[in-house]
Amino acid sequence: MMNDNIRSILEDTYQRAASGDNTGSELSETQENWIKTIAEKAESQKAVLAVLITSLTKKIETPTQDVRYHKRELPNGYSGRSFDTSYVTPFIAEKFQRFAMKSGSGWLTRSLEQAHPYTLEYPGRILDRTVRGAFLFILNDIEENQADPKKYLYAIFASLIHVMKRAQVSLGLLEKANIDRNQSSQSDTVTIENIVTLLDYHFSYNYRVAGGSRLPVLAVYSAYKMLMAIERYNSKTLSPLKTHTTSDIKSGGIGDIEVLDENGDFFEAVEIKHDIPISSTLVRDAYQKFSETSVSRYYLLTTAEPNVDDAETVNALVRQIRTRHGCEVIVNGILPSLKYYLRLLSDPKLFLDCYSKNLQLDFNQNTDIKEVHLRYWNELLDSLS
């Protein structure tokens, strides 16, 4: 059971931040910029967020503790990892699920687990330099300048709440765009070419955050959800999407998208690569995964141009697999494949809604899809009007 005092520190600070009561919690512009950096990068820097919240909470609970000394083997140190695992990460998962570490502690990352204090000279490789600077400057400010950790903890919670509310606004706009488009007579002018062009823009945009490789997976999965009504997939089942970080070996799967037959055996599968041409190595890796199954068709699709690296070798390997196993391996680009899938649909425009809903669902359930992906898709939908 969570220590009542620590729970009180976290809960009371969160409730004040949620209500907007910032009485006595003002920070300087420089301090606010450090917090903004941490909050805006929270999805991709979950470990730093967990370690910083842990350090601030520990400092509030035990003011005499220099929280930069985060391991017991350091002079007068404490176990930051135990504190995080027991109290902080569970609280983050409860209040800010999108920003919570799935592994249980920020100290499980190599960049933060090193037995060195979190001074400005800390040698750990936090790859985002702005996040690294903000993180170390905040801890330095608390320990060297006696800055108030309560103000920092409040500011972090308030900023995370703002980021989450902003994302909900993006979701709302996305839903409204779908409704407006469906009600508009102009929706009759939406063509397969329009849809594929929008997807091309959505996949290839430079978002400057991780998660873009999830977009083509969601697009192809959305097409499959609609294709399940055609004759080829009668009595077949589309497996739920795995998280983007789940390995096929661990899950027992053979691809990003899987269709099962009436006996629960693999019928068809799709492996999707983003900006990586299909090579003979990728084909061999795929065959290793499905060689012991009865799958009859296996797609290797990519957003890369050209789609194939050394087409002659790849095609020869595809023929060998067909002869040896019987599975038809199809190597192609994502966009040509999606264009073909859309031609099989009675109303291709409905794909836009299916894809939008899957973006929203993935955003809510995982952390690959970011607010910026939703926002740009909303802009693309608006361009159809």
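Scroll up a little and you will see the structure.
All of these numbers come straight from a predicted model, not from anything done at the bench.

## Quick look at the overall build of the protein
And step 1. Broken down by element type, the protein carries 15 helices and five strands.
And step 2. Taken over the C-alpha atoms alone, the protein extends approximately 70 × 50 × 40 Å along its principal axes.
And step 3. Considering the protein as a whole, with its 385 residues, one finds that 52% of them fall into the buried category.
And step 4. Sequence separation of at least 24 residues holds for 73% of the intrachain contacts in the protein that already meet a minimum separation of 6.
And step 5. Within the structure as shown, the protein displays about 18,600 Å² of accessible surface, and the carbon and sulfur contribution to it stands at 47%.
And step 6. Seen as two clouds, the 44 positive and the 50 negative side-chain charges of the protein have centres 2 Å apart.

## A word on the pattern of salt bridges
And step 1. Applying the stated criterion across every chain yields a total of 20 salt bridges.
And step 2. Ionic pairing is found between Lys95 and Glu94, a salt bridge with its closest N-O pair at 3.5 Å.
And step 3. Bridged by salt links that share partners, the residues Arg7, Glu11, Glu94 and Lys95 form one connected network.

## Some remarks on the sheet that holds strand S5 (residues 328–333)
And step 1. Taken in spatial order, the five strands make up an open sheet running S1-S2-S3-S4-S5, and their pairing is mixed. Of all strands in the sheet, those with a lone pairing partner are strand S1 (237–238) and S5, marking the two edges.
And step 2. Two elements, strand S4 (residues 297–302) and S5, share six bridges in a ladder whose sense is parallel. Across the sheet, Thr302 pairs through a bridge with Gly333, a residue of S5.
And step 3. Its contacts with the sheet place helix H9 (residues 214–227) against S1, strand S2 (257–260), strand S3 (266–273) and S4, and it is angled at close to 150° to S3.

## Comments concerning the nonpolar core
And step 1. Phe135 and Phe157 are the most contacted members of the largest nonpolar core, which totals 53 residues.
And step 2. Within the residue set of this core, elements represented by two or more residues are helix H1 (4–19), helix H2 (29–40), helix H3 (46–61), helix H4 (80–95), helix H6 (129–144) and helix H7 (149–183).
And step 3. Setting aside its immediate chain neighbours within four residues, Phe135 contacts Ile38, Val48, Val51, Leu52, Leu112, Tyr118 and Ile126.
And step 4. If you look at the next biggest cluster of nonpolar residues, it comprises 46 residues, including Phe203, Leu218, Leu227 and Ile369.

## Some details on helix H13 (residues 334–343)
And step 1. Residues of H13 that are buried: Ile334, Ser337, Leu338, Tyr341 and Leu342. Buried residues along H13 cover an arc of 135° about the axis, so they all sit on one side.
And step 2. Where H13 is buried, its residues meet helix H8 (192–204), H9, S3, S4, S5 and helix H14 (350–365).

## Let's talk about the environment of Glu292
And step 1. Take Glu292: it is sitting in the loop between helix H11 (280–290) and S4.
And step 2. Taking the C-alpha atoms as reference, Glu292 lies 8.9 Å from His325; in sequence the two are 33 residues apart.

## Looking at the pairing of S3
And step 1. When you tally the buried positions in S3, you get seven out of eight residues, the bulk of the element.
And step 2. Pairing of S2 with S3, which is carried by four bridges, proceeds in the antiparallel orientation. Following the sheet pairing, Ile257 is matched in S3 by Val270.
And step 3. What sits between S2 and S3 in their antiparallel hairpin is a turn of five residues, with Gly264 showing a positive phi close to 85°.
And step 4. Of the strand pairs in this sheet, S3 and S4 are connected by six bridges, and their pairing is parallel. From the neighbouring strand, Glu268 faces S4, where its bridge partner is Arg297.
And step 5. In this fold, the crossover linking S3 to S4 by way of H11 has right-handed handedness.

What counts, and where the lines are drawn
Residues numbered from 1 in each chain as written. Predicted model: local features only at pLDDT ≥ 70, side-chain atom pairs only at ≥ 80, totals over all residues. Heavy atoms only, no water. Helix = DSSP H or I, 4+ residues; strand = E, 2+ residues; numbered from the N terminus. Buried < 20%, exposed > 50% of the residue type's maximum accessible area, 1.4 Å probe, protein only. Contact = heavy atoms within 4.5 Å. Areas by Shrake-Rupley, 256 points an atom, 1.4 Å probe, with all protein chains shown as cover. Lys, Arg positive; Asp, Glu negative; His and termini not counted. Charge placed at Lys NZ, Arg CZ, Asp CG, Glu CD. Salt bridge = Lys/Arg side-chain N within 4 Å of Asp/Glu carboxyl O. Pairing = 2+ DSSP bridges. Axes fitted to C-alpha atoms, helices over the stretch in contact; angles between N-to-C directions. Core = buried A, V, L, I, M, F, W, Y, C linked by side-chain atoms within 4.5 Å. Arc of directions from axis to C-beta. Right-handed = clockwise from strand over helix to strand, strands pointing away.

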